[in-house]
Amino acid sequence: MVRKKIVAGNWKMNKSYDEGIALVEQLVDELDMDKVGDTHIIIAPPSVLLQPVTELLMFSPGIAVAAQNCHHEESGAFTGEISAAMIKSVDADAVIVGHSERREYFKEDDALISKKMKAALDKELMVIYCCGESFEERKTANHIAVVEKQLRTALSDFSAKDADNIIVAYEPVWAIGTGEVATVAQAGEMHTHIRTVLSSIFGDAAQNMSILYGGSVKPDNAAELFAHPDIDGGLIGGASLKSADFMSIIYAMPK
Ligand code: 13P
């Protein structure tokens, strides 16, 4: 297995049903597959759009679909939640877990995130596991330790075989939706450290794991970030909501 280059778009709580369909149709129509090359694309729409987007992309094998969250139980009295089994049942491919917005607004911690990952992997979904430090943690030079602790708490129960289905996204909280992007040196230092931690958990399998950077990735800064050998792609928020911007970011991946 080789390490995949991935550009994923996390729409967060944006787009009505019709707007979401229109955006995916535009991407399918306009994406130049020669320029995409071997970059894998993932789209993470809100859950009401999972089924129609999966159906629209049935003949676009290079574009996978991810949910933005799941519950760790398979079913039950958990009003407002969706399970990994439900995500799988609409033929989606993946689920994002541990996004900093879920950590902050919904008080999710790495013990819970680990359960969500287990639920998703049990249903043969890929997992995009998000980690990242706050501004305060970076300012006090605790960023490396904070991210390492997140990774070890969430991932230590998984095997090298599971690692094939885990993508890590490093998203420094201070760079999300702020327009302030981590420098290549800051992101690169963290990605290299993340891979060292992954190696200590998963052994050689860590070399094949994709580590994405997220936080204000835009068409004008993507190429520089993606050129770093340990930055295997991006998890894109705001810029994934406009097809032209999302496509330029996809094309910025080195061939
Ligand atoms: P922005 O690209 O809008 O900063 O969001 C990043 C993000 O949180 C992706 O999950």
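Up top is the structure.
Because the structure is a prediction, the values reported are computed rather than measured.

*Asks:* How do you make sense of the overall build of the protein chain when you look at a structure like this?
*Replies:* A tally of regular secondary structure across the protein chain gives 12 helices and eight strands. A globule of 255 residues ought to have a C-alpha radius of gyration of about 18 Å, and the protein chain, at 17 Å, matches this closely. For the protein chain, with 255 residues in total, the buried portion stands at 51%. Counting contacts in the protein chain only where the partners sit at least 6 residues apart, residues at least 24 apart contribute 71% of the total. Counting every atom, the protein chain has about 11500 Å² of accessible surface; 53% of that belongs to carbon and sulfur. One finds the centroid of the 23 positive side-chain charges in the protein chain at a distance of 3 Å from the centroid of its 37 negative side-chain charges.

*Asks:* Explain the packing of aromatic side chains here, please?
*Replies:* Describing an aromatic ring pair means giving the distance of the ring centres and the angle of the ring planes. Applying the stated criterion across every chain, the model contains one aromatic pair. Over the aromatic face of Phe106 sits the side chain of Arg102, whose NZ or CZ is 4.0 Å from the ring centroid.

*Asks:* Is there a simple way to think about the sheet that holds strand E7 (residues 211-214) in this case?
*Replies:* The pairing of strands in a sheet comes from backbone hydrogen bonds and takes either a parallel or an antiparallel form. If you trace the eight strands once around the closed barrel, you get E1-E2-E3-E4-E5-E6-E7-E8, paired in parallel fashion. On average, adjacent strands in this sheet sit at an angle of 25 degrees to one another, irrespective of strand direction. Relative to strand E4 (residues 94-97), strand E3 (residues 63-67) runs parallel, the two sharing two bridges. Bridge pairing in E4 places Ala67 opposite Val95. Each of strand E1 (6-10), strand E2 (40-44) and strand E8 (233-236) touches helix H12 (residues 243-251); the most contacted strand, E1, lies at about 160 degrees to it.

*Asks:* Explain the pattern of salt bridges to me, please; I cannot follow it from the model alone.
*Replies:* In the structure shown here, the tally under the stated rule is 14 salt bridges. When the shortest N-O distance is used, the salt bridge between Glu74 and Lys123 registers 3.2 Å. With Glu74 in the loop between E3 and helix H4 (84-89) and Lys123 in the loop between helix H6 (110-122) and strand E5 (126-131), this pair connects stretches of sequence that are 49 residues apart. Look at Lys123 and you get partly exposed, because its relative accessible area is 27%. Of the charged contacts in the structure, one is a salt bridge between Lys139 and Glu136, with a shortest N-O distance of 3.5 Å. Note that Lys139 and Glu136 are positioned in helix H7 (residues 135-139) at a spacing of three residues, about one turn of the helix. Among the ionic contacts, a cluster of salt bridges with common partners joins Arg3, Arg195, Asp230 and Asp232.

*Asks:* Help me understand the site of the ligand in this model?
*Replies:* Close to the ligand lie Asn10, Lys12, His99, Glu171, Ala175, Ile176, Gly177, Gly215, Ser216, Leu235, Gly237 and Gly238. In the environment of the ligand, an oxygen atom lies 2.8 Å from a nitrogen or oxygen atom belonging to the side chain of Lys12. Across the shell around the ligand, the residue classes break down as three nonpolar, seven polar and two charged.

*Asks:* Mind showing me how you'd approach H12 here?
*Replies:* Count 3.6 residues to each turn of an α-helix, and residues three or four apart come out pointing the same way. Restricting attention to buried positions, one finds in H12 the residues Ser243, Phe246, Met247, Ile249 and Ile250. Mapping the buried residues of H12 onto a view down its axis gives an arc of 160 degrees, with all of them on the same face. In this structure, the buried side of H12 is in contact with E1, helix H1 (17-30), helix H2 (33-36), E2, helix H11 (222-226) and E8.

Reading the values: rules and limits
Residues numbered from 1 in each chain as written. Predicted model: local features only at pLDDT ≥ 70, side-chain atom pairs only at ≥ 80, totals over all residues. Heavy atoms only, no water. Helix = DSSP H or I, 4+ residues; strand = E, 2+ residues; numbered from the N terminus. Rg over C-alpha atoms; globule rule 2.2 N^0.38 Å. Buried < 20%, exposed > 50% of the residue type's maximum accessible area, 1.4 Å probe, protein only. Contact = heavy atoms within 4.5 Å. Areas by Shrake-Rupley, 256 points an atom, 1.4 Å probe, with all protein chains shown as cover. Lys, Arg positive; Asp, Glu negative; His and termini not counted. Charge placed at Lys NZ, Arg CZ, Asp CG, Glu CD. Phe/Tyr/Trp six-rings, centres within 6.5 Å; stacked < 30°, edge-to-face > 60°. Lys NZ or Arg CZ within 6 Å of the ring centre and 35° of its normal. Pairing = 2+ DSSP bridges. Axes fitted to C-alpha atoms, helices over the stretch in contact; angles between N-to-C directions. Salt bridge = Lys/Arg side-chain N within 4 Å of Asp/Glu carboxyl O. Near = heavy atom within 4 Å. Polar contact = N/O pair within 3.5 Å; in protein donor to acceptor, adjacent residues only side chain to side chain. Nonpolar A, V, L, I, M, F, W, Y, C, P; charged D, E, K, R; others polar. Arc of directions from axis to C-beta.

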